[in-house]
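Observations on the three-dimensional arrangement
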Amino acid sequence: MKKATFSIRRGGRETAEMVDYQTEISEGMVVLDAVHQIQAESAPDLACRWNCKAGKCGSCSAEINGMPKLMCMTRLDTIPLDQPVTIEPIRAFPPIKDLIADVSWNYEVKKRIKKFKPRAPDAEDGTWRMSQEDVDRVQEFRKCIECFLCQDVCHVLRDHNKHEEFIGPRFLVYAAALEMHPLDTEDRTGDLKDMHGIGYCNITKCCTKVCPEHITITDNAIIPLKERVVDEYYDPLKRLVRLFRKK
Amino acid sequence: MTDYPTFEHDVIVIGAGGAGLRAAIEASGAGVSVGLICKSLLGKAHTVMAEGGMAAAMGHNDDRDNWKVHFSDTMRGGQYVNNWRMAELHAKEAPDRVRELESWGAVFDRTKDGRINQRNFGGHRYPRLAHVGDRTGLELIRTLQDHGIHQGIEVYMEVTVLSLLKDGDRVIGCLAYEREHGRFRIYKAKAVILATGGIGRAYKITSNSWEGTGDGHALAYDAGAELIDMEFIQFHPTGMVWPPSVRGILVTEGVRGEGGILRNSEGKRFMFDDIPDNYKDQTSDTEEEGWRYVTGDKNARRPPELLTRDHVARCIMREVKAGRGSPHGGVYLDIAWIKEKIKDAPEHIKKKLPSMYHQFKQLANLDITTTPMEVGPTTHYVMGGIRVNADTQESTVPGLFAAGECAAGINGANRLGGNSLSDLIVFGKRAGEHAAIFAKENGHGTLDNAAIEQAAKAALEPFERDGGENPYTIQHDLQEMMQANVGIVRQHDEMVEALNGLDALKSRAARTFVPGNIDFNPGWHTALDLHNLLVVSEAIARAAIERKESRGGHFREDFPGKDPEFAKFNYSLKKSEGGGMEISKIPIPEMPDYLKEVIEEMG
Amino acid sequence: MAANLVQITRRGFGETMRKDGWWIPSVLTFLGFSAFIVYSTWAAFQGQHYSFGPYISPMYSPLIWEAAGQPLTDHAWLGGWPSWIPKILMMTPAMLILWAPGGFRFTCYYYRGAYYKAFWADPPGCAVGEPRHKYRGEKKLPLILQNAHRYFLYLALVFLVILAYDAIHAMFFLGPDGKKHFGIGVGTIVLTLNVILLGSYTLGCHSLRHLVAGRFDELSKRAARYKIYQFVSRLNTRHMLFAWCSLFWVGFSDFYVRMCSMGIWTDFRLF
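The present account deals with the structure reproduced in this document. (Residues numbered from 1 in each chain as written. Chains lettered and ligands numbered in written order. Predicted model: local features only at pLDDT ≥ 70, side-chain atom pairs only at ≥ 80, totals over all residues. Heavy atoms only, no water.)

**Section: the packing of helix α13 (residues 471-485) of chain B against helix α14 (residues 492-509) of chain B**
Residue and element names in this part refer to chain B.
- One way to put it is that α13 packs onto α14 with a least axis distance of 10 Å and a crossing angle of 170°. With respect to α14, the axis of α13 lies roughly antiparallel. Mapping the contact onto sequence places Thr473, Ile474, Asp477, Leu478, Met481, Ala484 and Asn485 in α13 and Glu494, Met495, Glu497, Ala498, Gly501, Leu502, Leu505, Arg508 and Ala509 in α14.
- Classifying every residue of the contact of α13 with α14 gives 9 nonpolar, 3 polar and 4 charged. (Axes fitted to C-alpha atoms, helices over the stretch in contact; angles between N-to-C directions. Helix = DSSP H or I, 4+ residues; strand = E, 2+ residues; numbered from the N terminus. Parallel < 35°, antiparallel > 145°, perpendicular 65-115°, else oblique. Contact = heavy atoms within 4.5 Å. Nonpolar A, V, L, I, M, F, W, Y, C, P; charged D, E, K, R; others polar.)

**Focus: the nonpolar core**
- Phe6 and Met71 of chain A together with Val11, Leu164, Leu194 and Met373 of chain B are the most contacted members of the largest nonpolar core, which has 250 residues in total.
- The dominant element in this core, judged by the number of residues it contributes, is helix α15 (residues 522-546) of chain B, at 11 residues.
- If you look at the next biggest cluster of nonpolar residues, it comprises 35 residues, including Phe104, Tyr115, Leu197 and Ala243 of chain C. (Core = buried A, V, L, I, M, F, W, Y, C linked by side-chain atoms within 4.5 Å. Buried < 20%, exposed > 50% of the residue type's maximum accessible area, 1.4 Å probe, protein only.)

**Here's the deal with the environment of Glu27 of chain A**
- With respect to the helices, strands and loops of the structure, Glu27 of chain A is situated in the loop between β2 (16-25) and α1 (31-41).
- The exposed category is assigned to Glu27 of chain A, whose relative accessible area is 53%.
- Each C-alpha atom, one on Glu27 of chain A and one on Lys2 of chain A, is 10.0 Å from the other, the two residues being 25 residues apart in sequence.
- Every residue in contact with Glu27 of chain A, bar those within four places of it in the chain, is listed here: Trp242, Pro243 and Pro244 of chain B.
- For Glu27 of chain A, the side chain forms a polar contact with the side chain of Trp242 of chain B, separated by 3.4 Å. (Polar contact = N/O pair within 3.5 Å; in protein donor to acceptor, adjacent residues only side chain to side chain.)

**So, the state of the cysteines**
- Within the structure shown, the criterion is met by 1 disulfide over all chains.
- Residue Cys206 of chain A pairs covalently with Cys126 of chain C via a disulfide, S to S 2.0 Å. Here Cys206 of chain A and Cys126 of chain C share a disulfide; its torsion about the S-S bond, -85°, makes the bridge left-handed. Here Cys126 of chain C lies in the loop between α4 (109-118) and α5 (149-169) and Cys206 of chain A lies in helix α8 (residues 206-210), a pairing that spans two chains.
- The class of Cys206 of chain A is buried, set by a relative accessible area of 3%.
- Residue Cys126 of chain C is classed as buried on the basis of its relative accessible area, which comes to 2%.
- Unpaired in terms of disulfides, Cys154 of chain A finds its nearest cysteine sulfur in Cys207 of chain A, a separation of 6.7 Å.
- Accessibility expressed as a relative area gives 11% for Cys154 of chain A, which makes it buried. (Disulfide = S-S within 2.5 Å.)

**Let's talk about the sheet that holds strand β21 (residues 581-587) of chain B**
Residues and elements named next belong to chain B.
- If you walk across this open sheet you meet the 5 strands as β17-β15-β10-β20-β21, and the pairing is mixed. Edge positions in the sheet fall to β17 (407-408) and β21, since each has one partner strand and no second.
- Pairing of strand β20 (residues 569-575) with β21, which is carried by 7 bridges, proceeds in the antiparallel orientation. For Lys574, the partnering residue across the bridge sits in β21 and is Glu582. (Pairing = 2+ DSSP bridges.)

**Some words on the pattern of salt bridges**
- Under the definition given, this model contains 89 salt bridges over all chains.
- Notably, a salt bridge pairs Asp184 of chain A with Arg188 of chain A, separated by 2.8 Å at the nearest N-O pair. Both residues of the pair, Asp184 of chain A and Arg188 of chain A, belong to the buried class.
- Via salt bridges that share partners, Arg22, Glu26, Arg97, Glu100, Lys429 and Glu433 of chain B belong to a single interconnected network. (Salt bridge = Lys/Arg side-chain N within 4 Å of Asp/Glu carboxyl O.)

**Description of a nonpolar patch on the surface**
All names here are of chain C.
- A cluster of nonpolar residues, Trp23, Ile24, Val27, Leu28, Phe30, Leu31, Ile37, Phe119 and Trp120, forms a patch on the protein surface that exposes about 870 Å² of accessible area.
- With respect to the helices and strands, the residue Val27 is situated in helix α1 (residues 23-46).
- Since its relative accessible area comes to 37%, Val27 is described here as partly exposed. (Patch = residues over 30% accessible without salt bridge, like charges linked within 9 Å, V, L, I, M, F, W, Y side chains within 5 Å. Areas by Shrake-Rupley, 256 points an atom, 1.4 Å probe, with all protein chains shown as cover.)

**Details of a negative patch on the surface**
- The grouping of Asp593, Glu597, Glu600 and Glu601 of chain B at the surface amounts to a negative patch.
- Residue placement: Glu597 of chain B occurs in helix α16 (residues 593-602). (Lys, Arg positive; Asp, Glu negative; His and termini not counted. Charge placed at Lys NZ, Arg CZ, Asp CG, Glu CD.)

**Topic: unusual backbone geometry**
- Of note, the bond from Trp242 of chain B into Pro243 of chain B is cis; its omega dihedral lies within 30 degrees of zero at -5°.
- Topologically, Pro243 of chain B is positioned in the loop between β11 (233-240) and α6 (254-257).
- Of note, the amide linkage connecting Ser61 of chain C to Pro62 of chain C takes the cis form, showing an omega dihedral of 0°.
- Looking at the secondary structure, you find Pro62 of chain C in the loop between β2 (55-56) and α2 (93-97).
- Located in the positive-phi region is Asp98 of chain A, a residue other than glycine, with phi close to 45°.
- By the secondary structure assignment, Asp98 of chain A is in the loop between β6 (95-97) and β7 (100-101).
- On the basis of relative accessible area, Asp98 of chain A is assigned to the buried category, the value being 1%.

**Remarks on the interface of chain A and chain C**
- The interface of chain A with chain C comprises 64 residues on the first partner and 52 residues on the second.
- Roughly 5,100 Å² is buried in total at the junction of chain A and chain C, and carbon and sulfur atoms are behind 50% of that figure.
- Where chain A meets chain C, there are 7 salt bridges.
- Across the pair Arg150 of chain C and Glu227 of chain A runs a salt bridge, and its minimum N-O distance is 2.7 Å.
- Where chain A touches chain C, the interface holds 37 residue pairs in polar contact (both at pLDDT 80 or more).
- Counting residues per element, the side of chain A that touches chain C draws most heavily on helix α9 (residues 217-234) of chain A, at 10 residues. (Buried area = accessible area lost by both parts, 1.4 Å probe.)

**Side note on the interface of chain B and chain A**
- Contacts between the two partners involve 63 residues from chain B and, on the opposite side, 56 residues from chain A.
- Note on chain B versus chain A: buried area summed over both sides is about 5,100 Å², and carbon and sulfur give 55% of it.
- The interface formed by chain B and chain A includes 8 salt bridges.
- Linking Arg142 of chain A and Glu139 of chain B is a salt bridge whose minimum nitrogen-to-oxygen distance equals 2.5 Å.
- At the surface where chain B touches chain A, the tally comes to 38 residue pairs in polar contact (both at pLDDT 80 or more).
- Secondary structure elements with two or more residues in the side of chain B that touches chain A: α3 (84-103), α4 (136-148), α10 (354-364) and α15 of chain B.
- For the side of chain B that touches chain A, the residue count by class is 24 nonpolar, 21 polar and 18 charged.

Take a look at the structure:
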């Protein structure tokens, strides 16, 4: 059996070091399997989050060889094993222990986004009619598993620490799903511009690159929202038109 | 005196999957303060793994569907040992619960005329499953989560409950620890709802995540509640079998709903070989008719691949045992073949089954649009659980409610695919509603500090020993044993052996040792979960030994036939005065005439 | 919002645990854009060799006035170079117009992301440390002006029409009889391809996608718009590809016309 070395961040909130572990590799193994094997063999207290092990829950986010990835979906035969594979927790949030970061900020942010507000039911059976064409866009965004890899890779959070002024790609996708929902009547463009800080996004598309659900975050969610903000606030012609319409 | 941080709520919900969230929403909507405890982060519960859809007789795709058909399908699937009242409520209320989700922002796939689209599924006579591609569970949990966070529900993430606290007969809260720092906490509540899901981790091959350790089952059992139907475990026929590290991961029934077929190594569609008598008139005789069914022909009967899960799982086992299996001990599930029938089949498959496509592409390096998958049975769901009142979801212990997978009754001996998600929202709502009523009628109880101290002390023992058993090894041995001895095909001697094995494991579990400190220590968490796994494993084994027949998810090699005598009662397990597990029969009450008529009418 | 205070440690410039060649795309982008900027600036300063027979370089079209000292051709809209423009400015016809397509590309959502990375190192690569601590993004001046992209789009659409006219114009060659005859030269193909690539780029614009229908939540109720939206969306998925292809080809088109005009290359007539 082949062995490989994994260099894993061990430590708490303040200090940590990279510790090397060796474990056996078998066919089809993913990084999470290796972490589990290490837990069972040599480090029972090695902390990591995981649930479904099939890329559906978004718990096992980490940085593997420096790239934000889901441990359960990263097959060992897709990464070089001739040198130690580094595994670190996601860096855009404070570390708690080993591979676990404190992602509670994300749950707070979500509460600040205005909730879904449907129009009154307008079909005779007391529900609504929506066509598949209209929900296609929204369904893409609702594939999100909240792994927060996009939040992690986004330099506005990761390098510039704008957590207080910027909600990050995940919640721009969330806002997009609400804004483009055929039934929703709430207006979030003002919030997006000010409180949610959409202007901080400079479209480097790293979020799209790391999304395990392959959501085209930048092109389909963030840029269309930016355009909606332009409509409302940065387009003098539109403003003029609105002014006349009001009169 | 204990000085653990104490949190007070009117209602505490343990578990934040579909049922727990729905219950929390309902209770807080009723104006009581609600605390929601989850073992993981919010929104990661096992519900996200549900793929196919939620069954609700809305009749959008076939207007012949209504609650009566749904009710009789559920009863037939459960082999008539279901709690008929639950099956009735479920069939009647599911459509409203689904529509309610839409008003909270859920975005289901649409029919041509813009209504919620419904798909075919095993055991359901008409297309009935409201769905979102193959990620319906995610849609359900996200919708409830996003709706719930604006309701003032207090969410406690990464907190595990150790035991329920009682005042006399009544449950008045729970003792828990938060994973981050490993500190104990006390939650006081006037009513407690268990919504902790399943027990899959008792088996080696399972579709369940690490959370499926039967916590709610064990908590309720320890608090004196009854568990029923524990012998009925659903082995989902199609789990991945290769590569080894993904063995057990679910392959949605939706693959078969979209036209996927099962073949053995000889290329034969073996499901045509064995069609149970009570499904003969609903099942197609020819491949051609089966295809017409999955493409929406209302006059066609469903293909045998869409028979109930227990049956399909056993047929697969039979093929594998007879040496007609695939190289890694499964059979072939082929969706790629539909390219013979429709053009742009690969695009169609990717659109309808996107996460299956990615799952196989990424984990097995296999393209399901061109190559058949290898699949085999995997432990998926426990029909058994906490015995509850059908209308209120209250257990046999006052103040303790249960909903979702950890509650029992609706599914009988076998659950139909798609009934679990609707079960969550129908009975989650009821549990929340009635727990709130209970909380309004009752005050807080008095804590028993000695019991708390004792439980807390016991929980810390793994740190205090100088060496001992590795909890991961014990868990692994338990899983191996349950898989081998109380698995899909059961036999008296093997199960007795399992009971003895469980005794041995129990004493080993009392000697676990965990290095490190209590800060987020998965070794410690695993050690603490062992108790729950041992309780449910014992319950399964004891009930399975007693049921000397084969029915639904329970198949006995030594009693391969169905025995009408056993259709008259459910097995119940309860902690005896002496602390041992005692089993008894609970007669199934007679069905009222109007339901009997429905069963008659639907054939 | 004190509860949301998140303190994280940041990495220094270029610091990363990535072991792959994360810097390669940024370096290639840097070289590609730089090469184009250098060439187009040089070409814009030439003020000659920008047309050849029926062909006109896309960098000089629309040709408002013929460049100073150049013989009058039928490409010029208003005749010869006006004498009131001070010579000291060294203006050429290209300079009068290049700001428009330049602005379109500068404010383009694809280019923005690409040059922020390649030229500003903000960030130098995904999950790679940055050189600066201060960050204003596109939320404040000056980059808030990027929001004017749609106005550049309007201009780019006009340019697209003009360049399409140029491509058609490039199909009619002056015969010895003094009349224009239909024909296809290599230059015709070069200029036609130029319009196609520019069209694929311009019509895949994010702003256009928004304006045609993206801004509506119920697309299906507007059947015609929805069709256009789908078309624009399809092009939009390859926006980066067309951005590069059209950029290169604009440069090459100018180069081709220039080489022919200078007599270095011979323009072959296919018929």
